[in-house]
Amino acid sequence: MLLKGARTFVVRDAGGFVAHVNMPGWLKPKPTDHGQGPLAMVVESILDPGHQIAMHEHRNDEIISWVPDGVMRHDDKAAGRLVIDRDHLMVMNAGVSFWHSEETLASDPPLRMLQILVRPRAVDLEPKIQYGAMPAAAANVWRHLVGPEGEGAAPFYVRSAIDFFDMRLDAGLRVEFPQKQGRDLYFYVFSGSVVVDRQTFAEGEQGLHLSDDKLEVEAQSASTLVAFLLDPNASITMQGTVGDHKKIPPAIIIRAFLRWRKFRHMWRRHLSHRRSKTEKAI
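Residues numbered from 1 in each chain as written. Predicted model: local features only at pLDDT ≥ 70, side-chain atom pairs only at ≥ 80, totals over all residues. Heavy atoms only, no water.

Participant: Which residues make up the overall build of the chain, and what are the values?
Facilitator: Scanning the chain from N- to C-terminus turns up 1 helix and 22 strands. Taken over C-alpha atoms, the radius of gyration comes to 20 Å for the chain, in line with the 19 Å a tight globule of 282 residues would show. Along the longest, intermediate and shortest principal axes, the C-alpha atoms of the chain span 70 × 40 × 40 Å. Of all 282 residues assigned to the chain, the portion counted as buried reaches 50%. Contacts spanning at least 24 positions in sequence make up 74% of the contacts within the chain whose residues lie at least 6 apart. Accessible area for the chain stands at about 13,800 Å²; split by element, carbon and sulfur atoms hold 52% of it. Charged side chains in the chain number 35 positive and 34 negative. The centres of these two groups are separated by 10 Å. (Helix = DSSP H or I, 4+ residues; strand = E, 2+ residues; numbered from the N terminus. Rg over C-alpha atoms; globule rule 2.2 N^0.38 Å. Buried < 20%, exposed > 50% of the residue type's maximum accessible area, 1.4 Å probe, protein only. Contact = heavy atoms within 4.5 Å. Areas by Shrake-Rupley, 256 points an atom, 1.4 Å probe, with all protein chains shown as cover. Lys, Arg positive; Asp, Glu negative; His and termini not counted. Charge placed at Lys NZ, Arg CZ, Asp CG, Glu CD.)

Laid out in structure tokens, this is it:
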């Protein structure tokens, strides 16, 4: 089953820093969790040049920082200053506690990136940070960037049952999504427009495939997208300071909101249809 999600309605604007928060679990018709197994959320972050997010703490989140556009400047007391861009990736295994800051210089280009919040397998693990060059990207081929700790299939790891891939797909080409037995697939269109299972997904839209069956994606225009293979039954902790923040609405409220939004959409279509019939009659 492929579930489509529109561009998220959860947007935080802090003046110069805008976060579009995508909740994979909310794509389900009757969500019970904002996340899907080990994947808590995918945040599209936009930071204007010359802005800083002051030193702050993370706990019990595994955070992947993926930057296809612009430059993100990270600072912490353990690793010091790091620059994440289209050639470099950072994974913050926050564990029991990790403090850091983020900024862009006035001379930097606008930053648009994904910050991916993964739920670790257990609470209060050892804090670590991974940073380095990514493997060279090949057009129209999935690049495996992050995998579960200990498997060694990807250059970076998280302490959970999830794999992360990215790809730039040329217009008109079709490829298969990555597959793994027993894993669900979640994908996010960072730019462009693609067709999956006869459904069109534009920039900022997302899909959740509740199956490990084969699935293909075709680009309508040059597109950049990311994909995750995740174990929906993995052992996880849900105590992340960001990924499972206490202010995230409970599932029962989201169910009611989604029903209301669906009803509103149907009612507007009904009114539009009636208005059109009236105008034709006149």
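Participant: Describe the sheet that holds strand 17 (residues 184-191), listing the residues and the values that go with them.
Facilitator: As a general point, the strands of a sheet are linked pairwise by backbone hydrogen bonds and lie either parallel or antiparallel. Pairing within the open sheet is mixed, and its 7 strands lie in the order 1-20-17-22-15-13-14. Bordering the open sheet on either side are strand 1 (2-5) and strand 14 (156-158), each of which pairs with just one other strand. Each adjacent strand pair in this sheet contributes to an overall mean axis angle of 20°, direction not counted. (Pairing = 2+ DSSP bridges. Axes fitted to C-alpha atoms, helices over the stretch in contact; angles between N-to-C directions.)

Participant: I'd like to hear about the packing of aromatic side chains, residue by residue, with values.
Facilitator: Here the structure, examined in full by the defined rule, presents 8 aromatic pairs. A connected cluster of aromatic rings, assembled from ring pairs, spans Trp66, Phe164, Tyr186, Phe190 and Phe228. Lys4 extends its terminal NZ or CZ atom over the ring of Phe201, reaching a point 5.3 Å from the ring centre. Seen from the ring of Phe190, Arg112 lies directly overhead, with NZ or CZ sitting 3.8 Å from the centre. (Phe/Tyr/Trp six-rings, centres within 6.5 Å; stacked < 30°, edge-to-face > 60°. Lys NZ or Arg CZ within 6 Å of the ring centre and 35° of its normal.)

Participant: Can you explain the sheet that holds strand 19 (residues 199-202)? Please cite residues and give values.
Facilitator: Read across the open sheet, the 4 strands follow the order 16-21-18-19; overall the sheet is antiparallel. Two strands bound the open sheet, and with one partner strand each, they are strand 16 (174-176) and strand 19. Pairwise comparison of adjacent strand axes, ignoring direction, gives a mean angle of 30° for this sheet. Here strand 18 (residues 193-196) runs beside strand 19; their pairing, made up of 4 bridges, is antiparallel. Looking at strand 19, one finds that Val195 is bridged to Thr200.

Participant: Any chance you could break down a nonpolar patch on the surface for me, citing the residues and the numbers?
Facilitator: Residues Phe263, Trp267 and Leu271 make up a contiguous nonpolar surface patch of roughly 320 Å² in combined accessible area. Here Phe263 falls in the exposed class, since its relative accessible area comes to 55%. (Patch = residues over 30% accessible without salt bridge, like charges linked within 9 Å, V, L, I, M, F, W, Y side chains within 5 Å. Salt bridge = Lys/Arg side-chain N within 4 Å of Asp/Glu carboxyl O.)

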